[in-house]
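# Secondary and tertiary structure notes
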Amino acid sequence: MNEAEIQRQKEIKEAEELLFTGPQALGFAKGLFLGRFVADWAMPYPRVPAAQQSELDKSLAEVREFLDQNLDPAAIDRAADIPRDLIDGLARVGVLGMTAPKEYGGRGFSQRAYCKILEEIGARCASTSVFTNAHHSIGIRALLLFGTREQKQKWLPPLVTGQQLAAFALTEKEAGSDAANVQTRAEPSPDGSHYILNGEKRYITNASIAQVLTVMARTPVPGSDKTAITAFLVTPDMPGFEMLEPRMEKVGIRGTATGRFAMRDMPVPKENILGPLGKGLKVALTVLDFGRTTFGACCTGAARTCLRLAVEHANTRRQFKKTLGDFDLVKKKIGRMAADLYAMEAMTAVTASLIDRGLEDYMMETAMLKVFTTDRLWEAVNDAFQIHGGSAYFNDSPLERMLRDARINQIGEGSNEVLTSFIALVGMRGPGMEFKEIHDTMFNPSRGLGKAWTAGMNRLGAAVKIPNVPVKSESLRSQASQLGRLVWRFNLSVNRALITYREPVMDMQLVQERIAGAAMEMFASACVISRLDADLQGVERNGEAAAGNRRAAELFLRQSFHRIRRFLSELTDNEDEALLGAANSVLGKGKSSKAETELAGVS
Ligand SMILES: Cc1cc2nc3c(=O)[nH]c(=O)nc-3n(C[C@H](O)[C@H](O)[C@H](O)COP(=O)(O)OP(=O)(O)OC[C@H]3O[C@@H](n4cnc5c(N)ncnc54)[C@H](O)[C@@H]3O)c2cc1C
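In what follows, the accompanying structure is described.

Procedures and definitions
- Residues numbered from 1 in each chain as written.
- Predicted model: local features only at pLDDT ≥ 70, side-chain atom pairs only at ≥ 80, totals over all residues.
- Heavy atoms only, no water.
- Helix = DSSP H or I, 4+ residues; strand = E, 2+ residues; numbered from the N terminus.
- Expected span 1.5 Å × (residues − 1).
- Buried < 20%, exposed > 50% of the residue type's maximum accessible area, 1.4 Å probe, protein only.
- Pairing = 2+ DSSP bridges.
- Core = buried A, V, L, I, M, F, W, Y, C linked by side-chain atoms within 4.5 Å.
- Contact = heavy atoms within 4.5 Å.
- Near = heavy atom within 4 Å.
- Polar contact = N/O pair within 3.5 Å; in protein donor to acceptor, adjacent residues only side chain to side chain.
- Nonpolar A, V, L, I, M, F, W, Y, C, P; charged D, E, K, R; others polar.

Under the 1.5 Å per step criterion, the end-to-end length of helix H19 (residues 576–587) is 16 Å for twelve residues, consistent within 8% with the ideal 16 Å. Looking at the residues trailing H19, positive phi occurs at Gly588, about 70°.

With that settled, the discussion passes to helix H7 (residues 126–139). Over its 14 residues, H7 extends only 17 Å from the first C-alpha to the last, a length that falls short of the 20 Å expected when each residue adds 1.5 Å. The buried count for H7 comes to 14 of 14 residues, which makes it a mostly enclosed element.

Relative to strand S7 (residues 258–269), strand S3 (residues 194–205) runs antiparallel, the two being bridged by nine bridges. Residue pairing for S7: Ile196 is matched across the bridge by Pro267. When strand S6 (residues 241–245) meets S7, the two strands line up antiparallel, connected through four bridges. Paired with Met243 across the strands is Phe261, a residue of S7.

We now examine the nonpolar core. One recurring pattern in soluble globular proteins: nonpolar side chains tend to sit buried together. Phe37, Met368, Leu377, Leu483, Phe490 and Ile515 are the most contacted members of the largest nonpolar core, which totals 94 residues. Of all the elements, helix H17 (residues 509–536) adds the most residues to this core, at 15 residues. If we ignore the near neighbours within four places in the chain, the residues touching Leu483 are Phe37, Val469, Met522, Ser525, Ala526, Ile529 and Phe561.

Moving on to the site of the ligand. By nearness alone, 18 residues border the ligand, and Phe168, Thr171, Ser177, Tyr203 and Thr205 come closest of all. Within the backbone of Tyr203, an N or O atom sits 2.9 Å from a nitrogen atom of the ligand. Side-chain polar atom of Gln509 to a nitrogen atom of the ligand: 3.0 Å apart, as the coordinates give it. At the level of elements, strand S1 (166–169), S3 and helix H14 (416–443) are the ones that each hand at least two residues to the shell around the ligand. In terms of residue count, S3 provides more of the shell around the ligand than any other element does, three residues in total. In terms of residue class, the shell around the ligand is made up of nine nonpolar, seven polar and two charged.

And the structure:
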């Protein structure tokens, strides 16, 4: 094995240890890759428990009233600041500690209920929703999930009531997408009572307004020369904490305070370690899973505003003696926005409920939700902007701000490219392991045939069986059966990709993008079918609105099925070689590929 191969195997082993911890219930997304439709996780459509619904309705009414009276997103954007009064008010209506247990002063809401609140904030002001997310969804999350009872008692009460604010500090110059590459060091003091932190963090939301920061730093692994990441609770009054840039100037979500800070020989008591020593990366990834769920909720809220603005303008602006809404190319945008919005709402609800219902491993679904909702919001803002024409381009238009604000979503909390690749690789691991079992046994029969037999039967079973997508509504049977067939076809395509490309598929991001894209669409379609089934069963029947929703949902399914088919057919019919060749030559990488030579021959 050469050095690169040794390094690669090491990375694979580390990722395996981090992401796959013993047997767990099969999640929805992983099931898709095995050719299964694990209906229980998506159906029936999740409801907020009746006991919590009235509390949620009350909170929603309170939050809406507060936001209507006090939130001015344009002023926040202009001033590049969220007024303290607004933060105090958000705290008063419970937003800053909504999912924290009541015993610490929180509201004890489920993730699903909290997402409804964040949809409301996201619909109005992205700065405020990102601030809230940074404080609650990721800032205090590690404490909520991994804190000891003593830590929670000490730190949580002022945080959930907004007396103190929180931030989550993972990113550094060398650790952006490559989150595991944290360079900040934490060395134990000689007497073992403290860790001494040295390093710099950048792009940290709330850094300069937070009183408590969850900071990721590298600690020595006892008894070896290795290091591993550990999470620490840090306060800015610790000696050696230095704010280098409290508010980095930026294009959007300008109200948020995005900061850069240094820690120089900063002592942190060992009692401030969150979660197990050396398991900080697991802590960080789990926290980000929660963040991605509320990210989905915020994008959903913003997409709803885009649709409303687009409809208002399309119904009032007249050109060529017609309203804009009379033109099919405008209708095309509005229909698609409504369809995507229905799916975004459904996917957010189902994903949040996975957390509430205790599925141990929801990392693929939260990644799918993040990529899907952020991409769709970007399209929605762009479409609404286009419908508004020149009037959207000026600073008094909410769409001008929304366009700038929406751009961060595809980059933050894991860029969409990294997450797309992650979805494909984690998903393909399941069938890949089964193939490996069969392959290893064929070449080493002394291993015994038991496991290989099971793996072989699983592969064979998935190949012959079209999974059932159970629906109650007769009128949904056709869509349900189409989705079942697509899951079956998807599984065949994944198997074919694994057999054709084997291990190199781990580097083939264009293949991964199609596989992840199809999987995301299938998850979205399953959520839409689940929601529509509930709508049709009368659970959410609401006159005209229900009819409009139904058309939007049906359009989504048609468009989504079309996209799935395209992803799958492009696995074998594509211009990847030419594309990579062109990119390589511009990047100055490698020699001319076969595709390049062919292209040159054509020109
Ligand atoms: C406004 C704002 C607020 C933020 N708030 C926080 C916060 O509160 N806490 C925190 O810890 N961090 C925060 N971040 C950091 C954010 O999470 C990172 O910016 C993000 O993870 C990307 O890292 P990077 O910017 O270093 O980009 P890079 O890692 O340099 O990546 C740049 C681009 O390269 C591409 N790319 C990278 N890797 C791959 C790959 N493997 N495959 C294909 N393409 C790839 C992607 O298109 C990516 O967008 C914030 C960032 C911003 C801009």
